[in-house]
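Residue-level listing of the chains:
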Amino acid sequence: MSTDDSSQGFSSSLDSVTQHLHDHNLHQTQAPSDAPRFKLEHLNWDHSFVRDLPADPRTDSFPREVLHACYTKVSPSVEVDNPQLVAWSEPVADLLDLDHKEFERPDFPLIFTGASPPVGALPYAQCYGGHQFGMWAGQLGDGRAITLGEILNSKSERWELQLKGAGKTPYSRFADGLAVLRSSIREFLCSEAMHHLGIPTTRALCLVTTGKLVTRDMFYDGNAKEEQGAIVCRVAQSFLRFGSYQIHASRGNEDLAIVRGLADYAIRHHFPHIESMSKSESLSFSTGDEDHSVVDLTSNKYAAWAVEVAERTASLIAKWQGVGFTHGVLNTDNMSVLGLTIDYGPFGFLDAFDPRFTPNTTDLPGRRYCFANQPDIGLWNLAQFMTTLSAAKLVNEKEANYALERYGTRFMDDYQALMTRKLGLPKYNKQLISKLLSNMAVDKVDYTNFFRTLSNVKADTSIPDDELLVPLKSVLLDMGKERKEAWTAWLKTYIHELSTSGLSDEERKTSMDSVNPKYVLRNYLCQTAIDAAEIGDFGEVRRLLKLMEHPFDDQPGMEKYARLPPAWAYRPGVCMLSCSS
């Protein structure tokens, strides 16, 4: 499809709204000093999801198909024995206006295992379905996550609190509804690390051990072992997924009305600007068909919403690609309608650059969810979501196709802008960036360290060829003559481009270092923290949490956390994991 000028006007308007919301979320990391601080008993609970949407008439946790309902009221059932607080996030506590002294309460671990839920909570598990590895899986749902409810903070922001690993629900199927310390540490740390990298994500308030053992077969190879149980309190404005809508559309008939109800709920509470759009904004586009028909998105809020979901998803995945993050399990039930990174299972940041890297053993050998495939998978998943909205007659074919088109446009716009900033270039240069990534793949160059080190290159075209590689010697290792020549040729072109920018080397370095992190949550760093925590030492978890709050800063004395992974980091269970947790 082609778009006219009015399409561009719509795009820029939608872009500005989406960016405003994103910026708003990014800057919620620190409450002002005069912000109210509440005890747990005084938090302002609200229960819009339970109030607005149809419930399962049953409240037991017996595994079953839950029909005509968005959720089941179910209480945490996890058993505990002297639970312990492992770590907590100050910025997330501030989002909730929660007094920091509350984390010192002796009953805090009991409350956040769900053994003694907080006053005001109304626990439930959400019903959803999804495509897993491209195949429709039917009903899935919160099999071990139980939402406590929503907190309205002093800014009237809505934050949903959810305990992951709190026991069985009707959606648990044959599983036990529990989680282990190993996977809980990974989710807790990565949720916060991603936020501080500037990437939209669910957050994590705290991590507690249950004091009970949980049996897990990490590699699905028949070698199950007992591991320590744990629970993460996840926080997000909403945990609605593509699959939250898909499950009801798949059942057809009366359940199509639930798809509409869920869309109305999402727009009312999380996309209110769409509800208030007026015709005067002229958010319309030409479909480019032979009849040159024009669709005004202000006349269909669901179409405007679908386009914004598409753009948020595209922007999110562009950020993943820029920072070298691989989600690992991009099923449609793991795709947030708010454009958040959600459900941290076998994730991984790129170490040695390999476009076919997947951190998920279940994804071998097909590598459907490998790093290079993420943009296409995002589009595929979005197409399934559009099929759902179409089935419920919320969008027509032209509107659905336009949303998919906007996904592609937004992804390329954001990705190109980000890569241009990462290289400090005056403008996007496709050939230069493609050649760089090709060179990095050939030599298996460390992704994070390379881009961080690249800011040391000087924009001086008079540097002799035999000295060009000196600033990159720490990241271009063990190369023969032919590869050195390939890199030298690339650097000459790169430096020529830099020399046209008009920026000083110092200005460019500052700019590049603000988008190229020095520290990312490499899998081996997680494993080091896990190993210590499993013998009762939570210090490394807390150090990593603090380190990842400032990933772009040099942080003197912490340089060891930016080192290349040791040899043991490439063993199974560290660099690659299964979905088991």
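Treat the numbers as computed from the prediction; the structure is a model and nothing was measured.

1. Describing the overall build of the protein chain
At step 1: Along the backbone of the protein chain there are 17 helices and 14 strands.
At step 2: For the protein chain, whose C-alpha radius of gyration is 24 Å, the value lies close to the compact-globule estimate of 25 Å for 581 residues.
At step 3: Across its three principal directions, the C-alpha atoms of the protein chain cover 75 × 70 × 55 Å.
At step 4: Out of the 581 residues in the protein chain, the part that is buried amounts to 59%.
At step 5: Contacts in the protein chain between residues far apart in sequence, at least 24 positions, make up 74% of those at least 6 positions apart.
At step 6: For the protein chain, the accessible surface area stands at approximately 22,900 Å², while carbon and sulfur atoms represent 52% of it.
At step 7: Taken together, the 59 basic and 75 acidic charged side chains of the protein chain have centroids lying 3 Å from each other.

2. Describing the packing of aromatic side chains
At step 1: Throughout the structure, instances matching the rule amount to 28 aromatic pairs.
At step 2: Ring geometry for Phe108 against Phe112: centres 4.6 Å apart, planes inclined by 25°, an arrangement best described as stacked. Here Phe108 pairs with Phe112, and both are found in helix H4 (residues 108-113), just 4 residues apart, close to one helical turn.
At step 3: Here the aromatic rings of Trp490 and Tyr494 are separated by 4.9 Å at their centres, their planes lie at 15°, and the arrangement is stacked. Here Trp490 and its partner Tyr494 are both found in helix H14 (residues 481-498), 4 residues apart, which amounts to about one turn of the helix. The exposure classification of Trp490 matches that of Tyr494, with both residues buried.

3. Regarding the packing of helix H7 (residues 256-270) against helix H9 (residues 301-323)
At step 1: The N-to-C vectors of H7 and H9 enclose an angle of 70°; their axes lie 11 Å apart at closest approach. What the angle tells us is that H7 and H9 run roughly perpendicular. Considering the relative orientation of H7 and H9, their crossing is left-handed. Two secondary-structure elements touch here, H7 through Arg260, Ala263, Asp264, Ala266, Ile267 and His270 and H9 through Lys301, Tyr302, Trp305 and Arg312.
At step 2: Looking at the contact of H7 with H9 residue by residue, the class counts come to 5 nonpolar, 1 polar and 4 charged.

4. Topic: the side chain of Arg483
At step 1: By the element assignment, Arg483 lies in helix H14.
At step 2: In this structure the side chain of Arg483 is engaged in a polar contact, spanning 3.1 Å, whose partner is the side chain of Asn439.
At step 3: Once residues within four sequence positions are removed from consideration, Arg483 is found in contact with Asn439, Val442 and Asp443.

5. Side note on the environment of Thr72
At step 1: Looking at where Thr72 falls in the secondary structure, it is placed in strand S2 (residues 71-73).
At step 2: Using a relative accessible area of 0% as the deciding quantity, one classes Thr72 as buried.
At step 3: Between the C-alpha atom of Thr72 and that of Ala125, which follows or precedes it by 53 residues, the distance is 5.4 Å.
At step 4: With sequence-adjacent residues up to four places away left out, Thr72 is seen in contact with Asp56, Arg58, Thr59, Asp60, Arg64, Val66, Tyr124, Ala125, Pro170 and Tyr171.

6. A short note on the pattern of salt bridges
At step 1: Across all of its chains, the model carries 37 salt bridges by this definition.
At step 2: Residues Asp46 and Arg51 are paired through a salt bridge, measuring 3.0 Å at the closest nitrogen-oxygen approach.
At step 3: A residue is classified by how much of its surface remains accessible, and Asp46, at 14% relative accessible area, is buried.
At step 4: Here Asp351 and Arg522 are joined by a salt bridge, their closest N and O atoms 2.7 Å apart. Residue Asp351 is located in the loop between strand S14 (348-349) and helix H10 (374-391), and its partner Arg522 is located in the loop between helix H15 (505-513) and helix H16 (523-533); the two are separated by 171 residues in the primary sequence.

7. Comments concerning unusual backbone geometry
At step 1: Across the junction of Leu364 and Pro365, the peptide omega takes the value 0°, indicating a cis bond.
At step 2: With respect to the secondary-structure elements, Pro365 resides in the loop between S14 and H10.
At step 3: Its identity as a non-glycine residue notwithstanding, Asn82 has a phi of 55°, on the positive side.
At step 4: Here Asn82 lies in the loop between S2 and strand S3 (84-88).
At step 5: Residue classification places Asn82 among the exposed positions, given a relative accessible area of 56%.

8. Brief notes about the pairing of strand S8 (residues 158-164)
At step 1: Most of S8 sits out of view: 7 of its 7 residues are buried.
At step 2: Relative to S8, strand S7 (residues 145-152) runs antiparallel, the two being bridged by 7 bridges. Residue pairing in the sheet places Gly149 in a bridge with Leu161 of S8.
At step 3: Adjacent in sequence and paired antiparallel, S7 and S8 are bridged by 5 residues, among which Ser156 carries a positive phi angle near 65°.
At step 4: When S8 meets strand S10 (residues 225-236), the two strands line up antiparallel, connected through 5 bridges. Of the residues in S10, the one forming a bridge with Lys164 is Val232.

Rules of the game
Residues numbered from 1 in each chain as written. Predicted model: local features only at pLDDT ≥ 70, side-chain atom pairs only at ≥ 80, totals over all residues. Heavy atoms only, no water. Helix = DSSP H or I, 4+ residues; strand = E, 2+ residues; numbered from the N terminus. Rg over C-alpha atoms; globule rule 2.2 N^0.38 Å. Buried < 20%, exposed > 50% of the residue type's maximum accessible area, 1.4 Å probe, protein only. Contact = heavy atoms within 4.5 Å. Areas by Shrake-Rupley, 256 points an atom, 1.4 Å probe, with all protein chains shown as cover. Lys, Arg positive; Asp, Glu negative; His and termini not counted. Charge placed at Lys NZ, Arg CZ, Asp CG, Glu CD. Phe/Tyr/Trp six-rings, centres within 6.5 Å; stacked < 30°, edge-to-face > 60°. Axes fitted to C-alpha atoms, helices over the stretch in contact; angles between N-to-C directions. Parallel < 35°, antiparallel > 145°, perpendicular 65-115°, else oblique. Left-handed = near helix turned anticlockwise from the far one by under 90°. Nonpolar A, V, L, I, M, F, W, Y, C, P; charged D, E, K, R; others polar. Polar contact = N/O pair within 3.5 Å; in protein donor to acceptor, adjacent residues only side chain to side chain. Salt bridge = Lys/Arg side-chain N within 4 Å of Asp/Glu carboxyl O. Pairing = 2+ DSSP bridges.

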